[in-house]
Amino acid sequence: MQAERDIIIIGGGPAGLTAAQYGARGNLNTLLIEELATGGQVLQIHNIENYPGFARQISGAELSKEMEEQALKFGAEIINASVKKVEKRENIFYVSTDTGEFTCYAVIIATGAKHKMLGVEGEEKFSGMGVSYCATCDGPFFKNKKILAIGGGDTACSESLFLAQITDKVVLIHRKERFRAQKALAERVLKNKNIDVRFNTECKEIKGEKKVEKAILLGPDGKKHEEDFDAVFIFVGTTPQTSALPADLEKDDSGYIVSSCEMKTSIDGLFVAGDVRTTPFRQIVVSCGDGAIAAHSAEIYINELKGLSYK
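Reference entry: report on the structure contained in this document. Everything quoted here is computed from the prediction, not taken from an experiment.

1. Some remarks on the pattern of salt bridges
Alright, step 1. Overall, the coordinates contain 15 salt bridges when judged by the stated rule.
Alright, step 2. One salt bridge in this structure joins R178 and E177, with 3.6 Å as the shortest N-O distance. Each of the two residues, R178 as well as E177, counts as exposed.
Alright, step 3. Linked by salt bridges that have partners in common, K146, D196, R198 and E227 make up one network.

Here it is in structure tokens:
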């Protein structure tokens, strides 16, 4: 049986859009399936200042639009659909969606990971306007400002240490009486003079007019108080989006897809790119690099499958 497509890319964030560009540019019949809008979580970033090639700040929406147009220019097709299941039978992948089934020779998973939300009033309202989930992405915008960081794991501690290089006014709160982060990392936070650690403390509300201005905190004494902040960084975990994938696909203990440096997974023909995979650094530029590698590896795989030599 022949497949309808060469490559199907699931997920339209930076990793998926880059993979689509490289796949189509390599003369492969390329389809990208995105559930919502292309760009993914990048759309929530108000200003991006560290993406190579843009000396000026660029919004996440603008960068996503440029990436989408570039992929379309090279011949990739982009559709909106929700992927329900990915299944491999012999050498063909069957991708079932809420709009029908598609077949292909290779699949690139670029579904990303969703930040877990705190679920308090004001969080969604001020997302991108002082509420952030990534210190390296947005921290530099708040140099010498007062920042509230929330969380108690490795990410919360490491990101707070990064923020402490930008300002000497970091307040890190955790709802438990001790960190769950690695001991050495937690000790570095506790010794850092720029970080005010408060255990048994929760954020109950984020307030402001057009941007973050205050937070309502519940302290260990059981009383609420209002405190001024310029930004709130939330580090309460992420969830990789892998529900539609084969159950036997290898993942790490946190549910992220394990891959080689060629973006190959434990299933032949199934590649991965971006935040959904096990990676030491989750940034837009890293996801784009992953997407390019995944498309290149998929091209080699498809050519070998078709008995063609790779140029």
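2. Considering a positive patch on the surface
Alright, step 1. Together, K116, R175, K176 and R180 make up a region of like positive charge exposed at the surface.
Alright, step 2. Checked against the element boundaries, R180 lands in the loop between β10 (170–174) and α5 (183–191).
Alright, step 3. The exposed category is assigned to R180, whose relative accessible area is 56%.

3. Quick word on the sheet that holds strand β8 (residues 131–132)
Alright, step 1. Here five strands make up an open sheet; going across it, the order is β8-β15-β9-β10-β11 and the pairing parallel. Among the strands making up the open sheet, the edge pair consists of β8 and β11 (195–199).
Alright, step 2. In this structure, β10 lies alongside β11, joined through five bridges in parallel fashion. The residue bridging V171 from the neighbouring strand is D196, located in β11.
Alright, step 3. In the packing of helix α4 (residues 154–163) onto the sheet, contacts are made with β9 (147–150), β10, β11 and β15 (231–234), and the angle to β9 comes to roughly 165 degrees.

4. A look at the state of the cysteines
Alright, step 1. This model, assessed by the stated rule, comprises one disulfide.
Alright, step 2. This cysteine, C261, is not joined by any disulfide, and C288 carries the nearest cysteine sulfur, 19 Å off.
Alright, step 3. Classification of C261 as exposed rests on a relative accessible area of 59%.

5. Focus on α4
Alright, step 1. Listed in full, the buried residues belonging to α4 are A156, C157, E159, S160, L161 and L163.
Alright, step 2. Lining the buried residues of α4 we find α3 (135–138), β9, β10, α5, β11 and β15.

6. Brief notes about the packing of aromatic side chains
Alright, step 1. All chains considered together, the criterion is met by five aromatic pairs.
Alright, step 2. Judged by centre distance (4.9 Å) and plane angle (65 degrees), the ring pair of F179 and F199 falls under edge-to-face. Of this pair, F179 sits in the loop between β10 and α5 while F199 sits in strand β11; the two residues are 20 residues apart in sequence, bridging distant segments of the chain.
Alright, step 3. F199 sits in the partly exposed class, given a relative accessible area of 23%.

Each value, and the rule that gives it
- Residues numbered from 1 in each chain as written.
- Predicted model: local features only at pLDDT ≥ 70, side-chain atom pairs only at ≥ 80, totals over all residues.
- Heavy atoms only, no water.
- Salt bridge = Lys/Arg side-chain N within 4 Å of Asp/Glu carboxyl O.
- Buried < 20%, exposed > 50% of the residue type's maximum accessible area, 1.4 Å probe, protein only.
- Patch = residues over 30% accessible without salt bridge, like charges linked within 9 Å, V, L, I, M, F, W, Y side chains within 5 Å.
- Areas by Shrake-Rupley, 256 points an atom, 1.4 Å probe, with all protein chains shown as cover.
- Lys, Arg positive; Asp, Glu negative; His and termini not counted.
- Charge placed at Lys NZ, Arg CZ, Asp CG, Glu CD.
- Helix = DSSP H or I, 4+ residues; strand = E, 2+ residues; numbered from the N terminus.
- Pairing = 2+ DSSP bridges.
- Contact = heavy atoms within 4.5 Å.
- Axes fitted to C-alpha atoms, helices over the stretch in contact; angles between N-to-C directions.
- Disulfide = S-S within 2.5 Å.
- Phe/Tyr/Trp six-rings, centres within 6.5 Å; stacked < 30°, edge-to-face > 60°.

So yeah, pure geometry; function would need other evidence.
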